[in-house]
Amino acid sequence: METAGTDRNGSARHNGVPRGRVSHGLSVFEKLALSMQDISGDRGVLKEMIREGSGEKVPSDATVIIKFSGYLEHSDRPFETNCFHRNPRLMRLGEDITLLGMEVSLLTMQRGELSRFLYSPDYAYGKMGCPPVIPADATVLFEIEMLDFLDSAESDAFCDLPPHLQETLPLEKVLKIASTERQFGNYFFKRNRFYDAKDRYKRAFSCLSRKGASEEEKARLDAARLPVNLNLAITFLRLERPSKTLQWGEKALEIDNKNVKALFRCGQACLELREYVKARTFLLRAQKLEPFNLEINGELKRLSRYYKEYMDRQREMCVRMFAPQSSATLQH
């Protein structure tokens, strides 16, 4: 028969956290539980904050970027961790998080926060555990660092709407959604996932495709489009598609014809396309605006070298074409 103080295996409980059979005192997890906050309402998930975060808490439909390590009691080595991964993968709440305890935990966290959590079996791996690593009915500890999160539900819902309904949404909401998509693109770009970055940047550009009801709205839309265009230009450069880089760079210049980054990207694209005269025009315009920019000056030097090699080849070709043929090769 079960009592309030024991589980069905006869193991003692303390504040709802099961412990193994110990003869004296409290177990490690029980001692830790004494000072932890109950965030699930039934002491199934307990929390201790190690480092505070800032800003809003993680929304229920967010995509999170976290570092985590999971520990069994009496073990200093994690049974699961992603802390050695240079680029932790994106995980969507409700889809990619397998532990109920972790779902509950993440909703209490802010950006930059580092916290420790205890999960009872019902919030972790259950009565069966996960053999051979996790024993049956195990309480586990997780340390989680919230690197960043993005609220993608609103963005996904917007992109699923037909264009005529997208036009009816307030501008503020559209700008927020486009910003979220751009942040996703930035995340993928920094991790060299350029195809994924390109898709996210294009979604951001699509969000901003409305015309704007006033001059002020048009200006705000252009201000949001400019960095997206620049992001697409450099992404296509990384994908070795210079014609697309030129296309998006020129779109950026339609908004701001003195944008140095746009001029530079267009110059780089033309250089890759071997359109040396156009490359020189774009790069000189960029250099005029930022004469001491090392990247621009470096590309101009590269252009000069390529152009000289190109002209040398052209001269050599002309010499061959117009050189008098020897008598041995003349046809009689």
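Here the structure is shown first, and the text comes after it.
Bear in mind that the values here come from a model prediction, so they are computed numbers and not experimental data.

Procedures and definitions
Residues numbered from 1 in each chain as written. Predicted model: local features only at pLDDT ≥ 70, side-chain atom pairs only at ≥ 80, totals over all residues. Heavy atoms only, no water. Salt bridge = Lys/Arg side-chain N within 4 Å of Asp/Glu carboxyl O. Helix = DSSP H or I, 4+ residues; strand = E, 2+ residues; numbered from the N terminus. Buried < 20%, exposed > 50% of the residue type's maximum accessible area, 1.4 Å probe, protein only. Axes fitted to C-alpha atoms, helices over the stretch in contact; angles between N-to-C directions. Parallel < 35°, antiparallel > 145°, perpendicular 65-115°, else oblique. Left-handed = near helix turned anticlockwise from the far one by under 90°. Contact = heavy atoms within 4.5 Å. Polar contact = N/O pair within 3.5 Å; in protein donor to acceptor, adjacent residues only side chain to side chain. Core = buried A, V, L, I, M, F, W, Y, C linked by side-chain atoms within 4.5 Å. Phe/Tyr/Trp six-rings, centres within 6.5 Å; stacked < 30°, edge-to-face > 60°. Lys NZ or Arg CZ within 6 Å of the ring centre and 35° of its normal.

## Comments concerning the pattern of salt bridges
(1) Moving on: Within this structure, the stated rule accounts for 19 salt bridges.
(2) Moving on: Here Glu-145 makes a salt bridge to Arg-51, at a shortest N to O gap of 2.9 Å. Residue Glu-145 is found in strand S11 (residues 140-151), and its partner Arg-51 is found in strand S4 (residues 45-51); the two are separated by 94 residues along the sequence.
(3) Moving on: On the basis of relative accessible area, Glu-145 is assigned to the partly exposed category, the value being 24%.
(4) Moving on: When the shortest N-O distance is used, the salt bridge between Lys-173 and Glu-154 registers 3.7 Å. Of this pair, Lys-173 sits in helix H5 (residues 171-190) while Glu-154 is found in helix H3 (residues 153-160), placing the two residues 19 residues apart along the sequence.

## Some words on the packing of helix H8 (residues 242-255) against helix H9 (residues 260-272)
(1) Moving on: Here H8 crosses H9 at 155°, and the two axes come no closer than 8 Å. The pairing of H8 with H9 is recorded here as roughly antiparallel in orientation. Considering the relative orientation of H8 and H9, their crossing is left-handed. In this structure, H8 uses Pro-242, Thr-245, Leu-246, Gly-249, Glu-250, Ala-252 and Leu-253 to contact H9, whose residues at the interface are Ala-262, Leu-263, Arg-265, Cys-266, Ala-269, Cys-270 and Glu-272.

## Focus: the environment of Phe-158
(1) Moving on: The topology assignment puts Phe-158 in helix H3.
(2) Moving on: Phe-158 gets classed as buried once you look at its relative accessible area, which sits at 4%.

## A closer look at the side chain of Arg-200
(1) Moving on: Among the secondary structure elements, Arg-200 is positioned in helix H6 (residues 194-207).
(2) Moving on: Classification of Arg-200 as buried rests on a relative accessible area of 18%.
(3) Moving on: Looking at Arg-200, its side chain comes within polar contact range of the side chain of Glu-181, at 2.9 Å.
(4) Moving on: Non-local contacts of Arg-200, meaning those with residues more than four positions away in its chain, are made with Asp-156, Glu-181, Phe-184, Gly-185 and Phe-188.

## Considerations on the environment of Pro-121
(1) Moving on: Mapped onto the secondary structure, Pro-121 falls in the loop between strand S10 (114-119) and S11.
(2) Moving on: The sequence separation of Pro-121 and Thr-139 amounts to 18 residues, and the corresponding C-alpha distance is 5.3 Å.

## Considering the nonpolar core
(1) Moving on: By size, the foremost hydrophobic cluster in this structure holds 28 residues, and its most contacted members are Leu-90, Phe-158, Phe-189, Leu-208 and Leu-232.
(2) Moving on: Those elements that place two or more of their residues in this core are H5, H6 and helix H7 (215-238).
(3) Moving on: Broken down by element, this core gets its largest block of residues, nine residues, from H5.
(4) Moving on: Membership of the second largest hydrophobic core comes to 27 residues, among which are Ile-97, Phe-117, Tyr-119 and Tyr-123.

## Things to note about the packing of H3 against H5
In a pair of packed helices, the angle between the axes and the distance between the axes together describe the arrangement.
(1) Moving on: Close contact between H3 and H5 brings their axes to 9 Å; oriented N to C, the two are set at 110°. Judged on the interaxial angle alone, H5 and H3 are roughly perpendicular. The segment H3 lies against H5, with Glu-154, Ser-155 and Phe-158 engaging Lys-173, Val-174, Lys-176, Ile-177 and Glu-181.

## Overview of the packing of aromatic side chains
(1) Moving on: Applying the stated criterion across every chain, the model contains eight aromatic pairs.
(2) Moving on: For the pair Phe-79 and Tyr-125, a centre-to-centre distance of 5.9 Å together with 75° between the ring planes defines the contact as edge-to-face. Here Phe-79, found in the loop between strand S6 (62-72) and strand S7 (80-81), pairs with Tyr-125, found in the loop between S10 and S11; they are 46 residues apart in sequence, far enough to count as distant.
(3) Moving on: Members of the aromatic cluster, each reached through a chain of ring pairs, are Phe-68, Phe-79, Phe-117, Tyr-119, Tyr-125 and Phe-142.
(4) Moving on: We note Arg-200 situated over the ring of Phe-184; from NZ or CZ to the ring centre the distance is 4.2 Å.
(5) Moving on: Above the ring of Trp-248, the side-chain terminus of Lys-251 is found at 5.5 Å from the ring centroid.

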